[in-house]
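Breakdown of the fold
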Amino acid sequence: MTRVGSGWRFIAQRTATGDFLDWDVPFVPDGPPRRELNGPGSMVGTIAPEYMRLMAKPDGLPVITEWATTLYAEYAGNIRWGGIVTRVSYQGQAMKLECTGFSAYPNGMPFQGSSIQSGVAIPQKYAYEGKDKNHDGYIDGTSPKKKMPPRPKDKITARWDSYDVVRHIWAHLQSFNGGNLGLVVDGHDSGHLLGASNGTDPWELHWWDTPDCGQTISDVMSQAGADYIERHQWDGTREKVLHFLDLGNPRHLGRSRSDLRFATGENIIETATPTGQGEWFANQIYVLGKGVGSKTARVRVIYDDKRLRRARVSALKTTSSAATLTAYGQSQRARHSQMLTVPSIAVKHHPNAALGSWALGDLILLQLEVPWIGDVVVWHRIVAEEIDPAAGTAVLTLTRADYYG
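Residues numbered from 1 in each chain as written. Predicted model: local features only at pLDDT ≥ 70, side-chain atom pairs only at ≥ 80, totals over all residues. Heavy atoms only, no water.

Description of the layout of surface pockets
Our working rule: A cavity, in this analysis, means grid points on a 1 Å lattice covering only the protein atoms where a 1.4 Å probe fits yet has no way out; a pocket is instead an open set bounded by protein on both sides within 12 Å along at least five of seven lines, and a residue lines either one if it has an atom within 4 Å of a point. Grid points are joined across faces, edges and corners, and a volume is the space filled by probe spheres set on the points. Put simply, DSSP marks the helices as runs of H or I at least four residues long and the strands as runs of E at least two long, and each gets a number from the N terminus on. Residues are grouped as follows: Ala, Val, Leu, Ile, Met, Phe, Trp, Tyr, Cys and Pro are nonpolar; Asp, Glu, Lys and Arg are charged; every other residue, Gly included, is polar.
Taken as a whole, the second largest pocket holds about 530 Å³ of empty space. Taken together, 31 residues form the lining of the second largest pocket, with Arg 35, Ile 79, Arg 80, Arg 231 and Glu 385 sitting closest to its centre. Elements represented by at least two residues in the lining of the second largest pocket include exactly strand 4 (34-36), strand 7 (78-91), strand 14 (227-234) and strand 23 (374-388). Examining the composition of the lining of the second largest pocket, we find that six residues originate from one element, strand 14, more than from any other. Counted by class, the lining of the second largest pocket contains 12 nonpolar, 10 polar and nine charged residues.

Some points on the environment of Leu 247
Heads up, the rule is: Relative accessibility under 20% of the residue-type maximum defines a buried residue, over 50% an exposed one, and the middle range a partly exposed one, all with a 1.4 Å probe and only protein chains included. Residues are treated as being in contact if the distance between any of their heavy atoms lies within 4.5 Å.
Considering the arrangement of structural elements, one finds Leu 247 in strand 15 (residues 241-248). With relative accessibility at 3%, the residue Leu 247 sits in the buried group. Spatially, the C-alpha atoms of Leu 247 and Ile 229 are 6.7 Å apart, while their sequence positions differ by 18 residues. Setting aside its immediate chain neighbours within four residues, Leu 247 contacts Tyr 163, Arg 167, Val 185, Asp 186, His 188, Met 221, Asp 227, Tyr 228 and Leu 253.

Regarding the environment of Ala 12
Residue placement: Ala 12 occurs in strand 1 (residues 8-14). Exposure remark for Ala 12: the relative accessible area of 0% places this residue in the buried category. Through-space distance from the C-alpha of Ala 12 to that of Leu 71 is 4.7 Å; in sequence the pair is 59 residues apart. Apart from residues no more than four positions distant in its own chain, Ala 12 is found in contact with Phe 20, Leu 21, Asp 22, Val 25, Val 63, Thr 69, Thr 70 and Leu 71.

Quick notes on the pairing of strand 6 (residues 69-75)
What counts is decided by this rule: Paired strands, as defined in this entry, are two strands with at least two bridges between them according to DSSP.
Most of strand 6 sits out of view: seven of its seven residues are buried. Both faces of strand 6 are covered, namely the face carrying Thr 69, Leu 71, Ala 73 and Tyr 75 and the face carrying Thr 70, Tyr 72 and Glu 74. Both strand 1 and strand 6 contribute to a ladder of seven bridges, which runs antiparallel. By the bridge assignment, Ile 11 is partnered in strand 6 with Tyr 72.

Section: the pattern of salt bridges
Worth spelling out the cut-off: A carboxyl oxygen of Asp or Glu within 4 Å of a side-chain nitrogen of Lys or Arg is what we treat as a salt bridge.
All chains considered together, the criterion is met by 18 salt bridges. In this structure, the salt-bridge partner of Glu 266 is Arg 261, at a minimum N-O distance of 2.7 Å. Its relative accessible area of 27% is what places Glu 266 among the partly exposed residues. Through salt bridges with shared partners, a single ionic network connects Arg 9, Glu 74 and Arg 238.

Some thoughts on the packing of aromatic side chains
Quick reminder of the rule: Each pair of aromatic rings taken from Phe, Tyr and Trp, with Trp reduced to its six-membered ring, is defined by centres within 6.5 Å and is described as stacked if the planes are under 30 degrees apart, edge-to-face if over 60, and tilted in the remaining cases. In this scheme, the term charge over a ring applies when either NZ of a lysine or CZ of an arginine sits within 6 Å of the ring centre and within 35 degrees of the ring normal.
In the structure shown here, the tally under the stated rule is 10 aromatic pairs. Seen from the ring of Tyr 138, Lys 145 lies directly overhead, with NZ or CZ sitting 5.6 Å from the centre. Its end group placed over the ring of Phe 244, Arg 231 keeps NZ or CZ at 4.3 Å from the ring centre.

What about the pairing of strand 5 (residues 42-47)?
In terms of strand pairing, strand 3 (residues 27-29) meets strand 5 through three bridges, oriented antiparallel. Considered in strand 5, the bridge of Val 28 is made with Thr 46. In the sheet, strand 5 pairs with strand 8 (residues 94-100) via six bridges, with the strands oriented antiparallel. When the sheet's bridge partners are listed, Thr 46 is paired in strand 8 with Lys 96.

Here we look at the sheet that holds strand 14
Heads up, the condition is: As a rule, the C-alpha atoms of each element are fitted with a line to give its axis, helices using only the stretch in contact, and angles between N-to-C directions run from 0 to 180 degrees.
If you walk across this open sheet you meet the three strands as 12-15-14, and the pairing is mixed. The sheet is open, and its two edges are formed by strand 12 (183-185) and strand 14, each paired on a single side. Along the sheet, successive strands turn relative to each other by an average axial angle of 20 degrees, direction set aside. Relative to strand 15, strand 12 is paired through three bridges, and the arrangement is parallel. Its bridge partner being in strand 15, Val 185 is matched across the sheet by Leu 245.

Regarding the packing of helix 1 (residues 162-173) against helix 2 (residues 213-223)
Stated precisely, the cut-off is as follows: Throughout, the term roughly parallel applies to angles under 35 degrees, roughly antiparallel to angles over 145, roughly perpendicular to angles from 65 to 115, and oblique to all others. Each crossing gets its handedness from the near helix: less than a right angle anticlockwise from the far helix is left-handed, clockwise is right-handed.
At their nearest, the axes of helix 1 and helix 2 sit 9 Å apart, and the two run at 165 degrees to each other. Between helix 1 and helix 2, the interaxial angle falls into the category roughly antiparallel. Handedness of the crossing formed by helix 1 with helix 2: left-handed. Residue-level inspection shows Ser 162, Tyr 163, Val 165, Val 166, Ile 169, Trp 170 and Leu 173 of helix 1 in contact with helix 2, the latter providing Cys 213, Thr 216, Ile 217, Val 220 and Met 221. Of the residues in the contact of helix 1 with helix 2, the class split is 10 nonpolar, two polar and no charged.

Regarding unusual backbone geometry
A cis amide bond, omega -5 degrees, links Ser 143 with the succeeding residue Pro 144. Within the secondary structure layout, Pro 144 lies in the loop between strand 10 (121-122) and strand 11 (155-156). For Arg 238, which is not glycine, the phi torsion reads 60 degrees and is therefore positive. The exposure class assigned to Arg 238 is partly exposed, which follows from its relative accessible area of 41%.

Here it is in C-alpha cells:
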C-alpha cells in the first residue's frame, strides 16, 4: 500500500454548515488524493482508533460522519483536494474512510425543480377550429363562402444552452436546506443549444418524469462535447474554502503542452503496459437517437483506415438532430479506433516538467521505449492525477489525444 509523504494536513468541515471541526485530522491516506477530468475524484484512507477527538460536536454528530463531513487534503498551504465522506467502515479498531468530490452529489438525486422546455413547439389557438366540418376548405355557414384562414404557426420555446441546464440543476439542488455545498458553477455558455429551432427535436426536463440530476448533467454535457473540472481553494482570508466547477470543451480545459517533456529514462519512472483496442476496436459507428422502431433517428460515421470493417452501435436517445448525433458518433469512433494507448505513467519532479506544472485536460507528448515496438512518440491527454508533492512524484492517468476526435 502506497502512503503519501509527510507534510500533508487533513482538515474536517461540516458539509452542510461550513463549520470547521478539526484542523489536523490524523488521517492516513492510502495514496495521494485523485483529481479527475469529468469526475469527482476520490480519497481513501484510515484513522487510528486512538483519535479521541471523534466525539460528537454540538450538532450531535461525530466529527467523521457519512454525508456530513468534508475532508480537505492541504499541502504547503494549498488545498490539493476536497470531498465528502461517503462511506465509513471499520478494519479492526481502525476507521476506514472513502471520500468523493462534490461533483458526485447530483448522482442519484431526483430533479424536483421548475421544468425546462427547450425548442418545444407550442400549438397556438386557432379561432376557426371546428368550423370546417365538411373539410371543403371554407368556413361553415358563410355566404358567399369564405376560405378558412391559415392556422397560426406553432410558437417555439426558447432554446437552452447545455451549460444553463447544468447551472439550473445545481441551483435547484443547492436551494434546499442541507443541500447547499457552496459550489459555484462556471458562468459562460457552451454554444450548444438543446432542441431544434423548428420544434422538431424538443428537449424537456420535468420533475414528473423523475429524472436523475447526475445523469441529466452527464447527458447535456455529452451533447455539448464538454468537460468539467472540480477545484477547491482558500479565500483571501484563509478562513473559508471556495468551491468551483469549471466547464469547457477539450480546447478550453487544457492545452497542448509543447513546453513540457515526458520521456523514459528522464522523468518517467514507470509506465503502465501500453494497450491496443482488441475487441473494442471499431471504425464504423451507428448512432441511434430519439424515436421508436423504424422512425428512430439514425446516423452512421465511417472512417476509412484500411482495416477490416468493424461496426458498433451507440445511443443518444435525447435528440434526433443529425448534427448532434454525428458529432457524438465521431467522438465514439475516435474512442473505438485509437491505436496504441498508454493508460498511465508515474513521473518524478524534473526540469522537463516540474511537479504540477501541467493541468487536467492538458495534452502532453510522451516519448517512450515500448518492448516489441521500440521508440514511441504520441500525444496523450491527462484525465486524472495523483500528486504527492512530499515525495516529489505523481501518477497521471491518460487517454490518447485522438480519443476526442
